[in-house]
Amino acid sequence: MQNPAARPRDTIAAIATAPGRGGIGVVRVSGSALLPFARALCGREPAPRVATFARFRDADGGAIDEGLVLYFPAPGSFTGEDVIELQGHGGPVVMQMLLARCVELGARLAEPGEFTKRAFLNGKLDLAQAEGVADLIEASTTAAARSALRSLSGAFSSEVTRIRDALIDLRMLVEATLDFPEEELDFLERADAFGRLAAVRRSLESLLDRARQGALLRSGLNVVLVGPPNVGKSSLLNRLAGEERAIVTDIAGTTRDALRETIQIEGIPLHIIDTAGLRETSDEVERIGIARTWREIERADVIVRLQDAGAAADSADTAAIDAALPGQVERIVVRNKIDLLGQAPGRIEADGMVTLQLSARTGDGIDLLRAELLRVAGWHAHGEDLVLARERHLAALRGALEHLAQAAQRVHALELFAEELRLAQDRVSEITGEFTADDLLGVIFSRFCIGK
Ligand SMILES: Nc1nc2c(ncn2[C@@H]2O[C@H](COP(=O)(O)OP(=O)(O)OP(=O)(O)O)[C@@H](O)[C@H]2O)c(=O)[nH]1
Ligand SMILES: [K+]
Ligand SMILES: [Mg+2]
């Protein structure tokens, strides 16, 4: 747990509403013993936890704005400290004046995520819940928002805590037997220690699976459209996006800059990237565009490699592209323009490689591509129990599972068995922040927005 002496005590303030003009703007202040602050600002002490009308005053007693003041005495507040919220008129100038007045009264400007960080340090939220706050604000789909709310309300944390507790029970059992070396295996078998280890592994695997699905919801996938010029990459982007985003012409080398368009399939954000067609060229601008294509390919989660359905499947240009593409990235081959050949849409799987036949122009077969994108993304969960995981959570869950796999192989060396259980427990505890380095906290909270 955190050292209480290390708790921050200075007063912080920030505009908590989004920048720009709005009907209402909120300045949030957190610190200790804020009543004198409120008296100086509002001319009187607001009652706790009720909305009080007030005139916000400058140092000379002149009005800056009028609105509502809310006062949450410690520890019954978001941060666990005294919190004051000033609801004024949502203009950027008046909000800045109100914020400046708070600074004049001794507050300093809050860093990004500092309110939530204080809530964490004061034990109001664990780390996974704090991340849920940021993820809810940043959620780009309704499914992502629902999962973030589940994390925020502690559903993810309590699942993690249950697994941690099962590991602690198991460790206690194993460590208790270490003193009786003759009977230890017998004793552990009677206590079903190995059955319990298998059960913890199953719970971790299930959580990791749902966390992986959640990670997909959170950040989506980069899907890069590549191929020779004129095969219809830009047409396919437009078809997937449902609008004319990219320029389409019959001139080879039309697309230069990579163009990115985010679409949703079953709530999963997919970042579709149209690129410059790959070929040898002496055109300087096109060459720069092609260099950008390769940069996008490096960042791809899925590559959709297009070819003209009328061209030979193993034509020299597509063969050269295939040879240069990274082998470990998921790849879908699309034979486009089947309308010109009068062919029906279709899906062919051979040697683990899926080829789709479709027409970007007519839209025939586009559903096959959508379904294929979900399939290669590994999307299969639809339930309410998704976890909006971050890479850090996935790494911790994977690490814990590795230690448990090691433990399962060490049942004849019980000290090592116990040690692997301890390491697994540490990894699981990283998620809720019981066991987390300070520099990691800095990284996590600095990515929040100001005022949160
Ligand atoms: N008949 C037919 N024509 C298509 C289809 N898809 C694209 N085209 C045409 O093919 C030509 C090239 O399409 P683009 O989408 O610009 O191709 P691209 O791959 O983006 O080309 P570059 O940006 O130059 O690399 C245009 O004239 C499109 O109208 C299709 O499915 N059927
Ligand atoms: K073109
Ligand atoms: Mg193009």
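Below, the structure is looked at part by part. Worth saying up front: this structure is predicted, and the values here are computed from it rather than measured.

Section: the coordination of the potassium ion (ligand 2)
Ideal donor angles around a metal are set by the shape: a four-donor tetrahedron calls for 109.5 degrees, a six-donor octahedron for 90 or 180 degrees.
In step 1: Within the protein, the atoms that donate to the potassium ion (ligand 2) are Asn 230 (OD1), Thr 249 (O), Ile 251 (O) and Thr 254 (OG1), at distances of 2.6 to 3.0 Å.
In step 2: Here the donor residues for the potassium ion (ligand 2) map to a single chain with the spacing N-x18-T-x1-I-x2-T.
In step 3: Separating the potassium ion (ligand 2) and the magnesium ion (ligand 3) is a distance of 4.8 Å.
In step 4: Owing to a relative accessible area of 54%, Ile 251 belongs among the exposed residues under this scheme.

Digging into the environment of Ala 107
In step 1: Mapped onto the fold, Ala 107 is located in the loop between helix H2 (92-104) and strand E6 (108-109).
In step 2: Residue Ala 107 is classed as buried on the basis of its relative accessible area of 6%.
In step 3: Residues Ala 107 and Val 29, spaced 78 residues apart in sequence, show a C-alpha to C-alpha distance of 7.8 Å.
In step 4: In this structure Ala 107 touches Thr 11, Ile 12, Ala 13, Phe 37 and Cys 102, once residues within four positions along its chain are discounted.

Re the site of ligand 1
In step 1: Taken together, 23 residues are adjacent to ligand 1, and Lys 233, Ser 235, Gly 253, Thr 255 and Asp 339 come closest.
In step 2: Contacts to ligand 1 include Arg 361, whose side-chain N or O atom sits 2.8 Å from an oxygen atom.
In step 3: Isolated, ligand 1 exposes 650 Å² of accessible area, and the fraction of that covered by the protein chains is 93%.
In step 4: It is helix H9 (residues 233-241) that provides the largest number of residues to the shell around ligand 1, a total of three residues.
In step 5: Counted by class, the shell around ligand 1 contains seven nonpolar, 11 polar and five charged residues.

Section: the sheet that holds E6
In step 1: Taken together, six strands build an open sheet; the order of strands is E3-E4-E5-E2-E1-E6 and the sheet is mixed. A strand with exactly one partner marks an edge of an open sheet, and here the two such strands are strand E3 (52-57) and E6.
In step 2: Alignment of strand E1 (residues 12-15) against strand E2 (residues 22-31), held across four bridges, turns out to be antiparallel. By the bridge assignment for E2, Ile 15 is matched with Val 27.
In step 3: Strands in contact with helix H1 (residues 35-42) are E2, E3, strand E4 (63-72) and strand E5 (82-90); relative to E3, the strand with the most contacts, it is inclined by about 75 degrees.
In step 4: Those strands touched by H2 are E1, E2, E3, E4, E5 and E6, and its axis lies near 15 degrees from that of E2.

Rules behind the numbers
- Residues numbered from 1 in each chain as written.
- Chains lettered and ligands numbered in written order.
- Predicted model: local features only at pLDDT ≥ 70, side-chain atom pairs only at ≥ 80, totals over all residues.
- Heavy atoms only, no water.
- Donors = N, O, S within 2.8 Å, 3.2 Å for Na, K, Ca; no water.
- Buried < 20%, exposed > 50% of the residue type's maximum accessible area, 1.4 Å probe, protein only.
- Helix = DSSP H or I, 4+ residues; strand = E, 2+ residues; numbered from the N terminus.
- Contact = heavy atoms within 4.5 Å.
- Near = heavy atom within 4 Å.
- Polar contact = N/O pair within 3.5 Å; in protein donor to acceptor, adjacent residues only side chain to side chain.
- Areas by Shrake-Rupley, 256 points an atom, 1.4 Å probe, with all protein chains shown as cover.
- Nonpolar A, V, L, I, M, F, W, Y, C, P; charged D, E, K, R; others polar.
- Pairing = 2+ DSSP bridges.
- Axes fitted to C-alpha atoms, helices over the stretch in contact; angles between N-to-C directions.

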